[in-house]
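Here is what each chain is made of, one letter per residue.
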Amino acid sequence: MSVEFDRKVHDTLADANLQLAIYSSTGRLKRGRSASVADAEMPDYQELRTQAHAIKKHAIDNLDYYLEEFERNVTARGGKVVYCKDATEVADFVLGLAKQRGARLIVKSKSMTTEEVDLNERLHHHGLESVETDLGEYILQLAHEKPYHIVLPALHKTRYDVADLFTRELHVPRETVIEKQTALACSVLRDKFLAADIGISGANFLVADSGAIVVIENEGNARLTTTAPKVHIVLAGIEKVIPRARDLATFLKLLARSATGQLLSAYTSFLSGARRPGEIDGPDEFYVVLLDNGRTRLLPDREKRQTLYCIRCGACLNACPVYRKIGGYSFPWVYSGPIGAILTPQFMGVSHEPALPFASSLCGACGEVCPVKIDIPKVLLELRSDIKKAEARDGQNRLEKLAFRAFAWLMTHPRIYEMACRMAAMMAPSGNGKWISSVPPPLNLPPVRAWLSQRDLPPPPAKSFRELWRQRR
Amino acid sequence: MTRDHILHRIRTALGRSAGQAASPDVPPARLVVPEMDREARIRSFTARLEALGGKTLCAATRDEARALVAPAIEGKRAVASNAPFLAECGITSLPGVESGIADRERLRAVCAAAQVGITSADYALADTGSLVMLSSPQEARMISLLPPVHIAVAPLERMLTGLDELFTVLPRPAEQTSSMVLITGPSRTADIEQILVRGAHGPGQVIVILVG
């Protein structure tokens, strides 16, 4: 475990207010999800998951085909598709277009993909004002922080934090009533919407047969972002493509339920190109930026490829007993929770934070709630195996290998195993019936100490299972 | 350049070649349209919208629809879309209602100042309480978005059972419009301490009048 990861985990565990905020927020979403997909509400939930998985699998297995179909259909309606391999290319494209159009002000709706490429920072660096317009994201932008959760970006901020922040950044009298804070932010942002030259949104889906993008939200900021400015730029990962508009009937039923327990979010926008002749409002120009940024690295492996089926609902974060303790900022990149634990190492390379796939109890809750049935625990295991293989190639884990070889030998020699157990029982502290959190020498080897620093051992029993077994016979 | 490079990487990883068709294993679209009579549709729509803080009113005739809208906009500035149905109901000629706007800049200024936005709807979805709005010369996007109150007046026969029926009758929405928006209840946020606030960037009040 890296020092950084270890420190962040411990900081989060030690912060009682934060623990409460994470636990209650994720708990509420978790209950909302369960209620909305319960049998009485949605008898065909499992069939829908199977269908969603099958569509995503087909789309990713034929990704080049559907991207080209999408591109043809966007182009046919006067839009433009741009492929970018990384953050620099995305920023270059947006900056180039902004310069051509003489744009100064950009409004943005919530998008994890833009977080992935640090778009705001890059645009600011070149003198453009780029404003987040989702309330949670706006708060974080003012605080110069990253999203804490895929769906609830500012779950770690209280109304008092927000009051301090607004007073400091917006120079307004301190206001702690949440309704008034919301109204204040919305009125500041309303002016930005009406003055903005460019709107940047993400996309929940790219629809190949329509050349359309789908944006899902509750506040209306994404509708404003994609309607008010004359130029609309969409940034989306290449894996977001689905074959047909009709497939949305399946995905829309699953997404909002899995994310927040709503049947549908307040606004689902299906947008295909700039406004058409005769349409009164909407943008004049429509661009879709398709981002790789590591995604093509996941394609060769048939098993791990399923990571790309993710629709970013956040259900696995809320279900995860690890996320609910260590929170979002312990994770090394913008994606947190179980999906972050499989996505980050594959996008950035396993050496980025090798402890990540190990920070899981493999309880399986994430896989169970995933609306597109990604087998997250299985991918975690595959990644662990990759990491261990890489370590073996570097000759890093010779000691570990030796220990496991000795263990295997011990387990195949029952008499010696029994003797070793008895010896260990004699050396180990009795604990006086309490859980054991440390052991005396010579047992307190560094790996044992590290193991015990996170866990306690139950007190050793008076008699071993083997002894009891013999007595019974 | 990057385009070809990325597509090449994808094809190499998937073992596909340029121009190759999609594999035939695409699952058939799953669209199940239930039987649901008129009363059940109204009941479901009303209950779903109410649960979100919206309101549904039923009008037997167009005159009745106008009579329901009139008190809701009395003394207020309202903007109405160019949907023929609103004119047929006589809603566009109610006092304080501005309608017939075809210019983007003007529409934006009027919507930003209006207290109520009045539209029709292309469809309504019974099982989620949603309105389906297709952008067109008759329906601008902003009217259901900028004013703090949104009133939608639509003939009852446009009520579909749900998403499955919507995509059955409209399998390719992009052939008709650049923008199809599903509106499900008022604009809302719970980004601060997960406390629900209605009316963030969009209308905090949604009133649907079903006619027929």
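Residues numbered from 1 in each chain as written. Chains lettered and ligands numbered in written order. Predicted model: local features only at pLDDT ≥ 70, side-chain atom pairs only at ≥ 80, totals over all residues.

> Outline the overall build of chain A, supporting the account with residue identities and numerical values.
For chain A, the count of helices and strands is 21 helices and 10 strands. With the C-alpha coordinates aligned to their principal axes, the bounding extent of chain A is approximately 90 × 55 × 50 Å. Each of the 473 residues in chain A was classed as buried or not, and the buried ones make up 47%. Once local pairs closer than 6 in sequence are excluded, the contacts in chain A between residues at least 24 apart make up 72%. (Helix = DSSP H or I, 4+ residues; strand = E, 2+ residues; numbered from the N terminus. Buried ≥ 20, exposed ≤ 12 C-beta atoms within 10 Å, placed from the backbone. Contact = placed C-beta atoms within 7 Å.)

> How would you summarise the confidence of the model for chain B if you had to cite specific residues and measurements?
Detailed reading of predicted coordinates is not advised where the pLDDT is low. Scored by pLDDT, chain B has a mean of 97; 100% of the residues are at 70 or more. Interface scoring of the predicted complex returns ipTM 0.98; its pTM is 0.93. (pLDDT = per-residue confidence, 0-100.)

> Lay out the sheet that holds strand β8 (residues 159-160) of chain B with the relevant residues and their values.
Overall, mixed pairing links the 8 strands, which are arranged β8(A)-β5(A)-β6(A)-β9(A)-β9(B)-β6(B)-β5(B)-β8(B) in an open sheet. Two strands bound the open sheet, and with one partner strand each, they are β8 (241-242) of chain A together with β8 of chain B. (Pairing = 2+ DSSP bridges.)

> I'd love a proper account of the sheet that holds strand β1 (residues 80-84) of chain A, names of residues and values included.
All names here are of chain A. Read across the open sheet, the 6 strands follow the order β1-β10-β7-β4-β2-β3; overall the sheet is parallel. Since the sheet does not close on itself, it has two edges, and those belong to β1 and β3 (129-132), each with one partner. Averaged over all adjacent pairs, the angle separating strand axes in this sheet is 20 degrees, with direction ignored. Relative to strand β4 (residues 198-201), strand β2 (residues 105-108) runs parallel, the two sharing 3 bridges. By the bridge assignment, Ile-106 is partnered in β4 with Ile-198. Relative to the sheet, helix α5 (residues 87-101) contacts β1, β4, β7 (231-237) and β10 (285-291), its axis offset from that of β1 by approximately 140 degrees. (Axes fitted to C-alpha atoms, helices over the stretch in contact; angles between N-to-C directions.)

> I'd like a description of the packing of helix α2 (residues 16-36) of chain A against helix α12 (residues 248-260) of chain A, backed by residues and values.
The description of two helices packed together rests on the angle between their axes and the distance between the axes. All names here are of chain A. At a closest axis distance of 6 Å, the pairing of α2 and α12 adopts a crossing angle of 140 degrees. By the angle between their directions, the pair α2 and α12 is classed as oblique. Packed against α2, whose contacting residues are Leu-29, Gly-32, Arg-33 and Ser-36, the element α12 presents Arg-257, Ser-258 and Thr-260 at the interface. Residues of the contact of α2 with α12, tallied by class, amount to 1 nonpolar, 4 polar and 2 charged. (Parallel < 35°, antiparallel > 145°, perpendicular 65-115°, else oblique. Nonpolar A, V, L, I, M, F, W, Y, C, P; charged D, E, K, R; others polar.)

> How would you sum up the pairing of strand β6 (residues 212-217) of chain A? Please name residues and give values.
Residue and element names in this part refer to chain A. Buried residues dominate β6, accounting for 6 of its 6 residues. Of the two faces of β6, the one lined by Ala-212, Val-214 and Ile-216 and the one lined by Ile-213, Val-215 and Glu-217 are each fully buried. One ladder, built from 3 bridges, connects strand β5 (residues 205-207) with β6; its direction is antiparallel. Residue Val-207 lies in a different strand from β6, and its bridge partner there is Ala-212.

> Describe the interface of chain A and chain B, naming the residues involved and giving the relevant values.
On the side of chain B, 65 residues touch chain A, which itself brings 74 residues to the contact. Of the residues forming the side of chain A that touches chain B, the biggest block, 7 residues, is contributed by helix α10 (residues 178-195) of chain A. Sheet analysis places strand β9 (residues 267-271) of chain A next to strand β9 (residues 179-184) of chain B, joined by 5 bridges and oriented antiparallel. Bridge pairing links Leu271(A) to Ser179(B) in β9(B).

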